[in-house]
Amino acid sequence: MGNRVARDDYEWVYTDQPHTDRRKEILAKYPEIKSLMSPDPRLKWIVCMMVAVQFLAFYLVKDLDWKWVLFWTYAFGSCVNHSMTLAIHEISHNTAFGNTWPLWNRCFAIFANLPIGLPYSASFKRYHLDHHRYLGGDGIDVDIPTEFEGWFFCTRFRKFVWIILQPLFYAVRPLVINPKPISRLEIINLVIQFSFNVGLYYLWGSKPLVYMLAGSLLGMGLHPISGHFIAEHYMFLKGHETYSYYGSLNLLTFNVGYHNEHHDFPSVPGRRLPLVKKIAAEYYDDLPQYTSWVKVLYDFIMDNSLSPYSRVKRKLKGEVKQE
């Protein structure tokens, strides 16, 4: 079972997030980075290809034995679906069609949501932009685990279970921490996704539906790619609240591993974040970084100093403007 973790509260700080000041400093020194803040013309075609691949997979699994359905669900479907969630993350920053076409980006995110099976793209954008503006903000940033998560998941075995159940907690947290009125776009997202799921069932049966939904849940739970959930902001080293990962899984995740760079420049598409690091290397090379998300998961479970409480949190000052 493991010993209880040493932490019994978040890491409270009384300073602003580091990304705002670093962004200003880097742009003053390297104004050419502004030229990277434009849509990625490849993104929409990559997303369309990934959606088509999953549609083909739905067709191919419909006649397989259940053991092979489950095998391909974890071995392939979970990887693609997790990658699709990170495509939606990219689209939430308007990198598909640019800031002048916000509705196009939102509609495209709903399209990208189809093979995931869980209608979340519209809600994700609303909460994710708050995460960037108010990183660690008490009562605002729903990326921060709840008090219950920090209190209960306090042994190695419980942390292991918590990682498996991450999709559940990411779904419930906004309702507990910062509930918002349901928007029209969220209703549209729900209706379109539910209609798609029902149509898929009636067209090809239950196996594609299981492949789709189980792939999403498994891919965001105990899975190598899900290491990014822990790697991005959990405080492995005191005083550091954002960490980058420079391993090969960035190829599947739209470079979400370049997370310091992403929070410094959220308008830069993931494909160009390595250029940000190259241009402003002296700002990133000496920051704590990872080369393995699998090791991040292992260390998080085994290290008795780490828990869901291992997050930097701050009381927000002044006016708070939410999405």
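Bear in mind the structure is a predicted one, so any value in this text is a computation, not a measurement.

It is worth spelling out the packing of aromatic side chains at this point. The tally for this structure, following the rule as stated, stands at 29 aromatic pairs. Pairwise contacts between aromatic rings join F97, W101, W104, F108 and F111 into one cluster. Taking the ring centre of F300 as reference, the NZ or CZ of K159 above it sits at 5.4 Å. Sitting over the ring of Y246, K277 keeps its end group 4.8 Å from the ring centre.

This brings us to the UniProt feature "domain: Sphingolipid delta4-desaturase N-terminal" (unreviewed entry) in the protein chain. Those places that UniProt annotates as "domain: Sphingolipid delta4-desaturase N-terminal" (unreviewed entry) correspond, in this numbering, to residues 5–43. When the span residues 5–43 is considered, its composition is 33% helix and 8% strand, and the gap between its end C-alpha atoms is 42 Å.

Phi at F254 takes a positive value of approximately 55°, unusual for a residue other than glycine. Mapped onto the fold, F254 is located in the loop between β2 (244–245) and α12 (259–264). Unlike most non-glycine residues, N255 shows phi in positive territory, near 60°. Position of N255 relative to the elements: it lies in the loop between β2 and α12.

Within this structure, the stated rule accounts for two cavities of 30 Å³ or more. If you add up the space inside the largest cavity, you get close to 70 Å³. Lining the largest cavity are I91, S92, N105, R106, A109, S121, A122, K125 and L185. At the level of elements, α3 (66–92), α4 (102–113) and α5 (121–133) are the ones that each hand at least two residues to the lining of the largest cavity. In this structure, the second largest cavity encloses a volume near 40 Å³. Along its surface, the second largest cavity is lined by L135, G136, I144, H233, E241, R311 and V312. Looking at the lining of the second largest cavity, its residues break down into three nonpolar, two polar and two charged.

According to UniProt, the "transmembrane region" (unreviewed entry) feature falls on residues 43–61, 68–91, 103–123, 187–204 and 210–231. Across residues 68–91 one finds 100% helix and 0% strand; the C-alpha atoms that close the span lie 33 Å apart. Within the segment residues 103–123, helix and strand shares are 67% and 0% respectively, and the terminal C-alpha atoms sit 14 Å apart.

Glancing now at α5. The end-to-end C-alpha distance of α5 is 19 Å, a good match for the 18 Å that 13 residues give at a rise of 1.5 Å each. For α5, the tally of buried residues reaches ten of 13 residues, placing the bulk of the element in the interior. Among the residues of α5, those classed as buried are S121, A122, K125, R126, Y127, H128, L129, D130, H131 and H132. As for α5, its buried residues are in contact with α3, α4, α8 (166–177), α9 (184–204), α11 (227–233) and α12.

A few words on the nonpolar core. V47, M84, I91, W162, I230, W293 and F300 are the most contacted members of the largest nonpolar core, which has 38 residues in total. Of all the elements in the fold, those that place two or more residues in this core are α2 (43–61), α3, α4, α7 (156–164), α11 and α15 (293–302). Among the elements that line this core, the one with the most residues is α3, at six residues. For I230, the residues in contact, after removing those within four places along its chain, are W162, Q166, F236, V296, L297 and F300. In this structure, I26, Y30, L273 and A280 belong to the second largest nonpolar core, which totals 13 residues.

In this structure, H128 sits in helix α5. Once residues within four sequence positions are removed from consideration, H128 is found in contact with H89, S92, H93 and H262.

On inspection of all chains with the given rule, the structure shows 16 salt bridges. D40 is the salt-bridge partner of R271, the closest N and O atoms lying 3.1 Å from each other. Separated by 231 residues along the polypeptide, R271 in the loop between α12 and α13 (273–279) and D40 in the loop between α1 (18–29) and α2 bring together distant segments of the chain. Using a relative accessible area of 37% as the deciding quantity, one classes R271 as partly exposed.

Criteria and thresholds
Residues numbered from 1 in each chain as written. Predicted model: local features only at pLDDT ≥ 70, side-chain atom pairs only at ≥ 80, totals over all residues. Heavy atoms only, no water. Phe/Tyr/Trp six-rings, centres within 6.5 Å; stacked < 30°, edge-to-face > 60°. Lys NZ or Arg CZ within 6 Å of the ring centre and 35° of its normal. UniProt positions renumbered as here; feature names shortened; annotations may be inferred. Helix = DSSP H or I, 4+ residues; strand = E, 2+ residues; numbered from the N terminus. 1 Å grid on protein atoms, 1.4 Å probe; cavity = no way out; pocket = protein on both sides within 12 Å on 5 of 7 lines; lining within 4 Å. Points joined across faces, edges and corners; volume = space filled by probe spheres on them. Nonpolar A, V, L, I, M, F, W, Y, C, P; charged D, E, K, R; others polar. Expected span 1.5 Å × (residues − 1). Buried < 20%, exposed > 50% of the residue type's maximum accessible area, 1.4 Å probe, protein only. Contact = heavy atoms within 4.5 Å. Core = buried A, V, L, I, M, F, W, Y, C linked by side-chain atoms within 4.5 Å. Salt bridge = Lys/Arg side-chain N within 4 Å of Asp/Glu carboxyl O.

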